[in-house]
Amino acid sequence: MENTNSNNGIILIPDFSGFTEFVFNTKLYTGEYIVKQLLTILIDVNNQYFNISEIEGDAILFYRYDNKPSYKKISGMLKNMRSAFNMKIQELSEMLNTTIDLSLKFIVHYGKFSQYDIGSFRKLYGKPIVEAHQMLKNDFAEQPSYALYSHSFLKNSQNEEYVLNEDQMHVSEVGAIQYFGNVD
């Protein structure tokens, strides 16, 4: 059996750091409102560049079929998403008179995956999907706000755009981590 619905593409997962503590320490309605606002801002900043496969809790599984991904375009998009996320946290903190202790991490991976439909849902399938989720649960990151670019993404992106700098750390097992620090 051959699947003609598989293509190379980018998997992007923005995920909140500190989410479990947030849920346990925030009233249900307030927490739901905050999370909805934060997820919405990430979707809006995406500006339909990526498709949404699913949203679960504090994470969005974005994907885009792309044979020539651009590191420069994706890293710029992640900075914009993080900036909008941080501004929304500040706005919500002031509006609700509360401290919102959440930060944002990103997983950027690349590979061949497919899609299938179950009822009205479109699901992604393939090793890169599982690998991207595994990267979320890493012991490499030393700070809560970062982007982890997999070897596969870096290898397949336009290499002249990627330069390891002082805000980044090479992790031989997976790729490179770019820390955002406290400054946008």
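Along each chain, residue indices are assigned from 1 in the same order as the chain's sequence is written. Given that the model is predicted, a residue must reach a pLDDT of at least 70 before its local features are reported, and side-chain atom pairs must reach 80 or more before they are shown or counted; all residues, however, enter totals for whole chains, interfaces and linings. Note: side-chain values were computed over all heavy atoms of the structure, leaving out hydrogens and water.

An unreviewed UniProt entry annotates the chain as DUF2652 domain-containing protein originating from Chryseobacterium turcicum.

A. The arrangement of the packing of aromatic side chains in detail. For this analysis, a ring pair means two rings from Phe, Tyr or Trp (six-membered ring only for Trp) whose centres lie within 6.5 Å, classed as stacked if their planes differ by under 30 degrees, edge-to-face if by over 60, and tilted for the remaining angles. Inspection of every chain in the model, using the stated rule, returns 10 aromatic pairs. Measuring from centroid to centroid gives 6.0 Å for phenylalanine 50 and phenylalanine 62, while their planes differ by 45 degrees, and the two rings are tilted. Here phenylalanine 50 is found in the loop between α2 (28-46) and β2 (51-56), whereas its partner phenylalanine 62 is found in strand β3 (residues 59-65), with 12 residues between them in sequence. Exposure class is identical for phenylalanine 50 and phenylalanine 62. Each is buried. Here, a charge over a ring means that NZ of Lys or CZ of Arg falls within 6 Å of the ring centre while also lying within 35 degrees of the ring normal. The ring of tyrosine 49 carries arginine 64 above its face, with NZ or CZ at 3.8 Å from the centroid. For the purposes of this entry, the term helix denotes a DSSP run of H or I that reaches at least four residues, the term strand denotes a run of E that reaches at least two, and both are numbered from the N terminus. Three exposure classes are used, based on accessible area relative to the maximum for each residue type with a 1.4 Å probe and protein chains only: buried under 20%, partly exposed in between, and exposed over 50%.

B. The layout of surface pockets, seen in detail. Considered as a void within the structure, the largest pocket measures approximately 340 Å³ in volume. Within this scheme a cavity is a closed region of a 1 Å grid, computed over the protein atoms alone, that accommodates a 1.4 Å probe without allowing it to escape, whereas a pocket is open but has protein on both sides within 12 Å along at least five of seven lines; lining residues each have an atom within 4 Å of a point. Forming the walls of the largest pocket are 19 residues, and the residues nearest its centre are Asp15, Asp58, Ala59, Leu136 and Lys137. Those elements that place two or more of their residues in the lining of the largest pocket are β1 (7-17), α1 (19-25), β2, β3 and α4 (127-136). With four residues, the single largest contributor to the lining of the largest pocket is β1. Classification used: nonpolar for Ala, Val, Leu, Ile, Met, Phe, Trp, Tyr, Cys and Pro, charged for Asp, Glu, Lys and Arg, polar for all others including Gly. When the residues that make up the lining of the largest pocket are grouped by side-chain class, the tally is eight nonpolar, five polar and six charged. Grid points are joined across faces, edges and corners, and a volume is the space filled by probe spheres set on the points.

C. Quick look at the pattern of salt bridges. Here, a salt bridge means any Lys or Arg side-chain nitrogen found within 4 Å of an Asp or Glu carboxyl oxygen. Applying the stated criterion across every chain, the model contains five salt bridges. A salt bridge links lysine 123 to glutamate 54, with the shortest nitrogen-to-oxygen separation between them at 2.8 Å. Of this pair, lysine 123 sits in strand β5 (residues 121-125) while glutamate 54 sits in strand β2, and the two are 69 residues apart along the sequence. Judged by relative accessible area, lysine 123 falls into the partly exposed class, the value being 27%. On the accessibility criterion, glutamate 54 (26% relative accessible area) is partly exposed. We note a salt bridge from aspartate 117 to arginine 122, for which the minimum N-O separation is 2.9 Å. We classify aspartate 117 as partly exposed; its relative accessible area is 49%.

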